[in-house]
Amino acid sequence: MDMKATKKKLGMKERYRALTRDLGWEPSYQDKDAIFPYASYEGIKVHDWDKWEDPFRLTMDAYWKYQAEKERKFYAIIDAHAQNNGHLNITDARYLSALKIFLQAISPGEYAAHKGFARAGREFPGVGTQVACQMQAIDELRHAQTQIHAMSNYNRYYDGFHAFADARDRIWYTSVARSFFDDAMSAGPFEFMIAIGFSFEYVLTNLLFVPFMSGAAYNGDMATVTFGFSAQSDEARHMTLGLECIKFMLEQDPDNLPIVQAWIDKWFWRGFRVLGLVSTMMDYMLPKRVMSWREAWDIYGVENGGALFKDLARYGIRPPKGWDDAEKAIDHMSHQFMLGLYQWSFGTSFHSWIPSDEDMDWLSAKYPDTFDKYYRPRWAHIRKLKAAGTPFKNYGLARLCQCCQLPSVFTEPDDPTLTCHRETVYKGEKYQFCSDGCMDIFNNEPEKYIQSWLPMPALFSELGGDVGAWMNWVSLRDGVDNGDYDGSTDQQHFNEWRGLATSNL
Amino acid sequence: MTVKSIKDYVGVSRDRVENFNGKQLVYVSWDHHLLFASPFLLCLPPETPFAAMVSGPLTALVQPDPDAAAVDWRTVEWLKDNAPFTPDFSRSLAANGIGHKDQIRFRTPGLNALLNAA
Ligand SMILES: [Fe+2]
Ligand SMILES: [Fe+2]
Ligand SMILES: [Zn+2]
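Structural notes, computed from the coordinates. None of the values given here were measured: they were computed from a predicted structure. (Residues numbered from 1 in each chain as written. Chains lettered and ligands numbered in written order. Predicted model: local features only at pLDDT ≥ 70, side-chain atom pairs only at ≥ 80, totals over all residues. Heavy atoms only, no water.)

### So, the coordination of the zinc ion (ligand 3)
Residues and elements named next belong to chain A. Selection rule: Note on donors: an N, O or S atom is included if it sits within 2.8 Å of the metal, or within 3.2 Å for Na, K and Ca, and water is never included, so sites can look incomplete. Here a helix means four or more residues in a row that DSSP labels H or I, a strand means two or more in a row labelled E, and each is numbered from the N terminus. Only protein chains enter the calculation, and the probe is 1.4 Å; a residue is then buried if its accessible area is under 20% of its type maximum, exposed if over 50%, and partly exposed in between.
Around the zinc ion (ligand 3), the protein supplies Cys-401 (SG), Cys-404 (SG), Cys-434 (SG) and Cys-438 (SG) as donor atoms, at distances of 2.3 Å. Mapping the donors of the zinc ion (ligand 3) onto the primary sequence yields the spacing C-x2-C-x29-C-x3-C. Taken together, the positions of Cys-401 in the loop between helix 14 (371-387) and strand 1 (411-412) and Cys-434 in the loop between strand 4 (429-433) and helix 15 (436-444) put the pair 33 residues apart, joining distant regions of the chain. A residue is classified by how much of its surface remains accessible, and Cys-401, at 0% relative accessible area, is buried.

### Structural notes on unusual backbone geometry
Residue and element names in this part refer to chain B. Even without being a glycine, His-32 presents a positive backbone phi close to 65°. Mapped onto the fold, His-32 is located in the loop between strand 1 (24-30) and strand 2 (40-44). Positive phi outside glycine occurs at Asp-81, with the angle close to 55°. In this structure, Asp-81 sits in the loop between strand 3 (77-80) and strand 4 (83-85).

### Regarding the pairing of strand 3 of chain B
Residue and element names in this part refer to chain B. Rule in force here: At least two bridges found by DSSP between two strands are what make those strands a pair.
Judged from the four bridges that link them, strand 3 and strand 5 (residues 102-107) form a sheet pairing that is antiparallel. In the strand pairing of strand 5, Glu-77 is matched with Arg-107. Bridge count for strand 3 against strand 4 is three bridges, and the pairing is antiparallel. Its bridge partner lying in strand 4, Leu-79 is registered against Pro-84. Between strand 3 and strand 4, which pair antiparallel and follow one another directly, the connecting turn spans two residues, one of which, Asp-81, has a positive phi of 55°.

### Considering the nonpolar core
Here is the rule: Among the buried residues, those of types Ala, Val, Leu, Ile, Met, Phe, Trp, Tyr and Cys that are joined through side-chain atoms within 4.5 Å form a nonpolar core. Should any heavy atoms of two residues lie within 4.5 Å, those residues are considered in contact.
Phe-272, Trp-293 and Trp-379 of chain A together with Trp-73 and Trp-78 of chain B are the most contacted members of the largest nonpolar core, which has 181 residues in total. Beyond its immediate stretch of four places on either side in the chain, Trp-293 of chain A contacts Leu-207, Phe-272, Leu-275, Ser-279, Met-282, Asp-283, Ile-330, Met-333 and Tyr-367 of chain A. Counting seven residues, the second-largest nonpolar core is a separate cluster that includes Leu-58, Val-127, Val-131 and Met-135 of chain A.

### Brief notes about the coordination of the iron ion (ligand 1)
The coordination sphere of the iron ion (ligand 1), as far as protein atoms go, consists of Glu-110 of chain A (OE), Glu-140 of chain A (OE) and His-143 of chain A (ND1), spread over 2.0 to 2.2 Å. A relative accessible area of 0% means that His-143 of chain A is categorised as buried.

### What about the interface of chain B and chain A?
Stated formally: Buried area: the sum, over both parts, of the accessible surface (1.4 Å probe) that disappears when the two are put together. One side-chain nitrogen of Lys or Arg within 4 Å of one carboxyl oxygen of Asp or Glu is enough to make a salt bridge.
Taken together, the 46 residues of chain B in the interface contact 57 residues of chain A. Ranking the residues of chain B by area buried against chain A places Lys-4, Leu-34 and Leu-41 of chain B at the top, with a combined share of 16%. Across the chain B-chain A interface, the total number found is three salt bridges. Across the pair Glu-429 of chain A and Lys-101 of chain B runs a salt bridge, and its minimum N-O distance is 2.7 Å.

### A short note on the packing of aromatic side chains
Residue and element names in this part refer to chain A. As a reminder of what qualifies: Two aromatic rings from Phe, Tyr or Trp, using only the six-membered ring of Trp, form a pair when their centres are within 6.5 Å; if the ring planes differ by under 30 degrees the pair is stacked, by over 60 it is edge-to-face, and anything between is tilted.
On inspection of all chains with the given rule, the structure shows 49 aromatic pairs over all chains. When the centroid spacing of 5.6 Å and the interplanar angle of 75° are considered together, the rings of Tyr-157 and Trp-497 count as edge-to-face. Of the two residues, Tyr-157 sits in the loop between helix 5 (127-155) and helix 6 (164-170) while Trp-497 sits in helix 19 (residues 489-502), which places them 340 residues apart along the sequence. Summarising the aromatic geometry, the rings of Tyr-342 and Trp-379 are spaced 5.9 Å apart at their centres and angled 65° between planes, so their arrangement reads as edge-to-face.

Next up, the structure:
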């Protein structure tokens, strides 16, 4: 049987059409609403799915080719890193605390994003959107995998990496990120796109990845830098998808504006709370620091975010409601959060430490209005307690916020000496919050947030307050994974091995 | 509207008091004393006398603060639900109207060593 040779290769534009738009069809024996049951209940009105633009015009065949090439390069470098004891090139093993938090709290978020986009790809009726979501789902799965692989080499030598999945599910400081993604995944497809595609990828990703990847480069961590490069071109695509999606919603119907604005308000604040973790990495955990959290915020928050919201103003969008409260918190949050991480470090699967004189001088130079006034005296006192042989451990645990699930370490926007107290009663039961932003989110959808599983109350409701049993349950090895860096096995090992590698003793 | 959903949606509070084996949560916070990064979380039987909560867990927990020794518990200013409150030390948490997940605050005007140290 003869096959007729095809005339010509398809051009870019035709290929895109054939491999995306042409994959869709009009259903004939099933109702469209039955096929896409989640497309309308959020109230977003779409009149023409074909107006969806895919600025990248990427087709699946080209996608596979690019990604395979990236994977090949990535694993070549990761193998070399492992074989050449790349772990001894980092500045200091204190750096690893930032990596451990990233692996326990953020990498699982990549996996969650994968699940969310796979679902959104199924639930959106438009073909262009389906294909874009499908690719992002695969990207995010790849990010989770490559991050875990990049960091697995450190697990052979250092503590705190071994049980990141248990930490993700059960420990307390990761639940801010976990609940962020759980909240997004249990929302409808449009809200999911605003939560992850827009708020996370577009507004916050720079504040998360740029400092973190530069931090890795500054601190000699080639494995993580390599991951960063491998993910960078994906992230550019993700940001574009997020922005495209929000513009699409706003252009389709004027009734969409208030819904979208409410989601922006909500997801900005939820994302801002996740960034609390990042602020401590930047200001306290990198032995060689890239820039302060305040400097990063000025560039990526104020400048870039400001320009974005100016651009969106033509649709009637205003900056997120919590923007001013966020600005007021910038010079305080990393210090407030880090003081918490240190005093509860018996319950962290990473090490923390009291900043040295040099660290504190850096902090007061970066935070001239706040550090010496509010935070240096606390660190100085904590140092005194340690020197006296009574290191500060706060067994009082913490009040967690019902929404962001973080310990309520944050202060009143206009009084940095007073904890922010917010509470509400719903169906006869009391709920506590860290801020107005979090309380507003709860009040909009209380039935959702009353179900929050909060790690610290769970220590009492599920384990009767037995801290040892809790440590087993979260796979935290007491005296090994937790506590002060000073005197830890990580410190001992790193210094010993680096000594062997750089001297003849 | 309590949640956007495709059908009736009713949530169940995860931390309701029945789940705490006869005890309840109480949050306690010392105003302007942020050596303690967050309000303390205590889990106590509702029959606990207010005085026992103060002389027991609370006194122990505030020890690391340099102002701790100077606190006179009988003269501190108390707040509950963020409003002034006069506890009866001899009566229980329940009899003082302190419910599950309530926030108790106390103030010690004039005491703040770590704030003036700079
Ligand atoms: Fe990702
Ligand atoms: Fe992404
Ligand atoms: Zn919160």
